[in-house]
Amino acid sequence: MNIFLCAVDPRLARAWRQALPQEFGPAAVQVIEGDILSLPMDAVVSPANSFGFMDGGLDALYTRFFGPQLQERLQRMIREQADGELLVEQALPVETGHARIPWCISAPTMRVPRRLESAEAAYLATRAAVRCALAAGVESVAIPGMGTGTGGLPPESAARAMLRGIQDVFFPRPFPASLVDVATF
């Protein structure tokens, strides 16, 4: 799997590069500065909220690019497959109907729009998104800064948490990072 961490904020790109470990097992991880929708990817990740409202921040950009049917599909899937609420630690692959980017993986970083107090949600959402991409057979996925927009996480905290989330998919530890070392995010 090819994972592209996409940042429009140079501080986030720098934080990812500084925190990037050398080894991710079967994944190749690259940092890209620029528009997440400019690259041909199998999937992009949406850090939406638990109810699938895609009307703010990056999600509003996705809705304009893919059309309002993306939010409608996601909300229907959340009602039918997640009992009406997609938890922060869960992810769903949604077909976009777009030839160049066929999937959007919704991995909420928050229940409802708010400022995040810790980077734990960035860790959980990133881990869920990568697991979802693997399960869906996605070969390339673009992931934005999880929790760095509406959530207001500092780039360094989000970068460490996200990279730990990716790492834990390929090199699981006995206890999830959220229980062991949240303070290191």
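Structural data are supplied above this passage.
The present account deals with the structure reproduced in this document.

Conventions used here
- For every chain, the first residue of its written sequence is number 1, and the numbers climb from 1 along that sequence.
- A pLDDT threshold of at least 70 governs which residues receive local features in this predicted model, and a stricter bar of 80 or more applies before side-chain atom pairs are shown or counted, although totals over entire chains, interfaces and linings include all residues.
- Calculated side-chain values reflect all of the structure's heavy atoms, with hydrogen atoms and water omitted.
- When two rings of Phe, Tyr or Trp (its six-membered ring) have centres within 6.5 Å they constitute a pair, described as stacked for plane angles under 30 degrees, edge-to-face for angles over 60, and tilted for the intermediate range.
- Exposure categories follow from relative accessible area, calculated using a 1.4 Å probe and restricted to protein chains: below 20% of the type maximum is buried, above 50% is exposed, and the middle band is partly exposed.
- Starting at the N terminus, helices and strands are each numbered in turn, a helix being any DSSP run of H or I of at least four residues and a strand any DSSP run of E of at least two.
- We call two residues in contact whenever any of their non-hydrogen atoms come within 4.5 Å of each other.
- A strand pair is defined by DSSP finding two or more bridges across the two strands.
- Throughout, an axis means a line fitted to C-alpha atoms (over the contacting stretch in the case of helices), and angles, computed between N-to-C directions, take values from 0 to 180 degrees.
- By definition, the arc is the one covered by directions from the helix axis to the C-beta atoms.
- Within 3.5 Å is the distance limit for a polar contact, defined as a pair of N or O atoms, with the added protein rule that one can donate a hydrogen and the other accept it, and that residues adjacent in sequence qualify only through two side-chain atoms.

As a further point, take the packing of aromatic side chains. Under the criterion given, the structure shown has two aromatic pairs. Ring geometry for F65 versus F66: centroids 4.9 Å apart, planes at 85 degrees, classification edge-to-face. A residue is classified by how much of its surface remains accessible, and F65, at 31% relative accessible area, is partly exposed.

Position of V94 among the secondary structure elements: in strand β4 (residues 92–95). Take V94: its relative accessible area is 2%, and that puts it in the buried class. Separated by 24 residues in the primary sequence, V94 and L70 place their C-alpha atoms 7.4 Å from one another. Sequence-distant contacts of V94, defined by excluding residues within four places in its chain, comprise L70, R73, L74, M77, P102, W103 and C104.

Turning our attention to the sheet that holds strand β5 (residues 103–106). Strands sit in the order β2-β1-β6-β3-β5-β4 across an open sheet of six strands; the sheet is mixed. Where the open sheet ends on each side, the last strands, each with one partner, are β2 (28–33) and β4. Each neighbouring strand pair of the sheet contributes to a mean axis angle of 25 degrees, computed without reference to strand direction. Two strands pair when backbone bridges link them, and strand β3 (residues 43–46) and β5 are joined in this way by four bridges, in the parallel orientation. Within β5, the residue paired with A43 across the bridge is W103. Packing of helix α1 (residues 10–19) onto the sheet brings it into contact with β1 (2–7), β2 and β6 (140–143), and relative to β2 it is tilted by some 155 degrees.

Every second residue of β4 is oriented toward a common face, the buried set being L92 and V94 and the non-buried set P93 and E95. As judged from the four bridges shared by β4 and β5, these two strands associate in the antiparallel manner. Residue pairing for β5: L92 is matched across the bridge by S106.

All buried positions along α1 are accounted for by L12, A13, A15 and W16. Angular distribution of buried residues about the axis of α1 spans 160 degrees; they occupy a single face of the element. For α1, the side-chain oxygen to backbone nitrogen distance between the N-cap and R11 is 2.8 Å, and the N-cap itself is D9.

Everything listed here is a matter of geometry and, on its own, says nothing about what the molecule does.
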